[in-house]
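# Coordinates in review
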Amino acid sequence: MVEAINLKTGMIFEKDNKLIKVLETNHHKPGKGNTVMQMKLQDVRSSAIVQTTMRPTEKVELAIVDKKQAQYLYRQDKLLCFMDLETYEQYELPLEQVSAESKYLIPNLQVQLNFCGTELIGLDLPTTVDLKVTETEPNIKGATAASGGKPATLETGLVVTVPNFIQKDDVLTINTTNGTYKQRV
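Residues numbered from 1 in each chain as written. Predicted model: local features only at pLDDT ≥ 70, side-chain atom pairs only at ≥ 80, totals over all residues. Heavy atoms only, no water.

## What to know about the overall build of the protein chain
Helix and strand counts for the protein chain stand at 0 helices and 16 strands. Taken along the three principal axes of its C-alpha coordinates, the protein chain extends 60 × 50 × 25 Å. Buried positions account for 37% of the 185 residues belonging to the protein chain. Across the protein chain, every contact between residues at least 6 apart in sequence was considered, and the portion connecting residues at least 24 apart equals 43%. Of note, the protein chain has its 21 positive side-chain charges centred 9 Å away from the centre of its 23 negative side-chain charges. (Helix = DSSP H or I, 4+ residues; strand = E, 2+ residues; numbered from the N terminus. Buried < 20%, exposed > 50% of the residue type's maximum accessible area, 1.4 Å probe, protein only. Contact = heavy atoms within 4.5 Å. Lys, Arg positive; Asp, Glu negative; His and termini not counted. Charge placed at Lys NZ, Arg CZ, Asp CG, Glu CD.)

Written out as structure tokens, the structure reads:
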């Protein structure tokens, strides 16, 4: 059991036979009244997102999450296919369950699959991925890295703001936690 004040982003707990993932937490002390924890939570199975408040002393049962190293293979319709790197067993995950993470998935990318018991409940990405630019505005003469930047569409459909010197077919390192450009490879 863990108190609500100790919940961190990414933790998964069980409540009312549902697996709930913590997306955001905020310790809020109103002018009058008791301190509350404002939270943005996601039902792991249905992907429904809810804003709620909890008392800091309210306790929840943390879910036991096992992690397995896997490789992303391909997307088929609304399913993503992964292969366990030890047993070569293949797993499928619905696209709507990991829609945010899918913007960073390229074939052969190594990820961690998260299991609660035998149920596949999600995945963890590496902190950075290298993606190829498929579309961006032409290079601007005299552009420097310090200027505002321009939008670039990457091979997975993700759009990020990049420096003006980035061109089509460049390979970029992208931070998967916030979706920002880090460097050109």
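## Side note on the pairing of strand E15 (residues 171-175)
Among the 5 residues of E15, 4 are classified as buried, and the element is accordingly described as predominantly covered. Alignment of strand E12 (residues 128-136) against E15, held across 5 bridges, turns out to be antiparallel. Of the residues in E15, the one forming a bridge with Lys 132 is Val 171. Pairing geometry for E15 and strand E16 (residues 180-184), over 4 bridges, is antiparallel. In the strand pairing of E16, Leu 172 is matched with Arg 184. The hairpin formed by E15 and E16 contains 4 residues between the paired strands, and Gly 179 there has a positive phi angle of roughly 70°. (Pairing = 2+ DSSP bridges.)

## Looking at the nonpolar core
Core analysis: the largest hydrophobic core is formed by 28 residues, its most contacted members being Phe 82, Val 111, Leu 113, Leu 154 and Ile 174. Ala 4, Val 22, Met 37 and Leu 41 belong to the second largest nonpolar core, which has 11 residues in total. (Core = buried A, V, L, I, M, F, W, Y, C linked by side-chain atoms within 4.5 Å.)

## Description of the environment of Ile 5
You can see Ile 5 is positioned in the loop between strand E1 (2-3) and strand E2 (12-15). Exposure remark for Ile 5: the relative accessible area of 35% places this residue in the partly exposed category. Along the primary structure Ile 5 and His 27 are separated by 22 residues, whereas in three dimensions their C-alpha atoms are 7.5 Å apart. Excluding its chain neighbours within four sequence positions, the residues that come into contact with Ile 5 are His 27, Met 37 and Pro 56.

## Quick notes on the pairing of strand E13 (residues 150-154)
Because side chains alternate across E13, one face comprises the buried residues Lys 150, Ala 152 and Leu 154, and the other comprises Pro 151 and Thr 153, none of which is buried. Bridge count for E12 against E13 is 3 bridges, and the pairing is antiparallel. Within E13, the position partnered with Thr 136 by the bridge is Ala 152. Of the strand pairs in this sheet, E13 and strand E14 (residues 159-162) are connected by 4 bridges, and their pairing is antiparallel. Residue pairing across strands places Pro 151 opposite Thr 161, the latter belonging to E14. Here E13 folds back onto E14, and the loop between the two strands holds 4 residues, one of which, Gly 157, carries a positive phi near 100°.

## A word on the environment of Val 50
Turning to its location among the elements, Val 50 is positioned in strand E5 (residues 49-54). Given a relative accessible area of 44%, Val 50 falls into the partly exposed group. Once residues lying within four places of it in the same chain are set aside, the contact partners of Val 50 are Met 39, Lys 40 and Leu 41.

## Details of the sheet that holds strand E3 (residues 18-28)
A sheet is described by the order of its strands in space; here 6 strands give the open sequence E1-E6-E2-E3-E4-E5, paired in antiparallel fashion. The open sheet terminates on both sides in strands that have one partner only, identified here as E1 and E5.

## Quick look at the packing of aromatic side chains
According to the stated counting rule, one finds 2 aromatic pairs in the structure shown. Aromatic side chains Tyr 72 and Phe 82 sit 5.4 Å apart centroid to centroid with 55° between the ring planes, which places their arrangement in the tilted category. Here the residue Tyr 72 occupies a position in strand E7 (residues 66-76), and Phe 82 occupies one in strand E8 (residues 79-84), the gap between them amounting to 10 residues. Residue Tyr 72 shares its accessibility class with Phe 82, and that shared class is buried. Centroid distance Tyr 91 to Phe 115: 5.1 Å. Interplanar angle 65°. Geometry classified as edge-to-face. With a gap of 24 residues between them, Tyr 91 in strand E9 (residues 90-94) and Phe 115 in strand E10 (residues 110-116) connect regions that are remote in the sequence. For the pair Tyr 91 and Phe 115, one class covers both residues: buried. (Phe/Tyr/Trp six-rings, centres within 6.5 Å; stacked < 30°, edge-to-face > 60°.)

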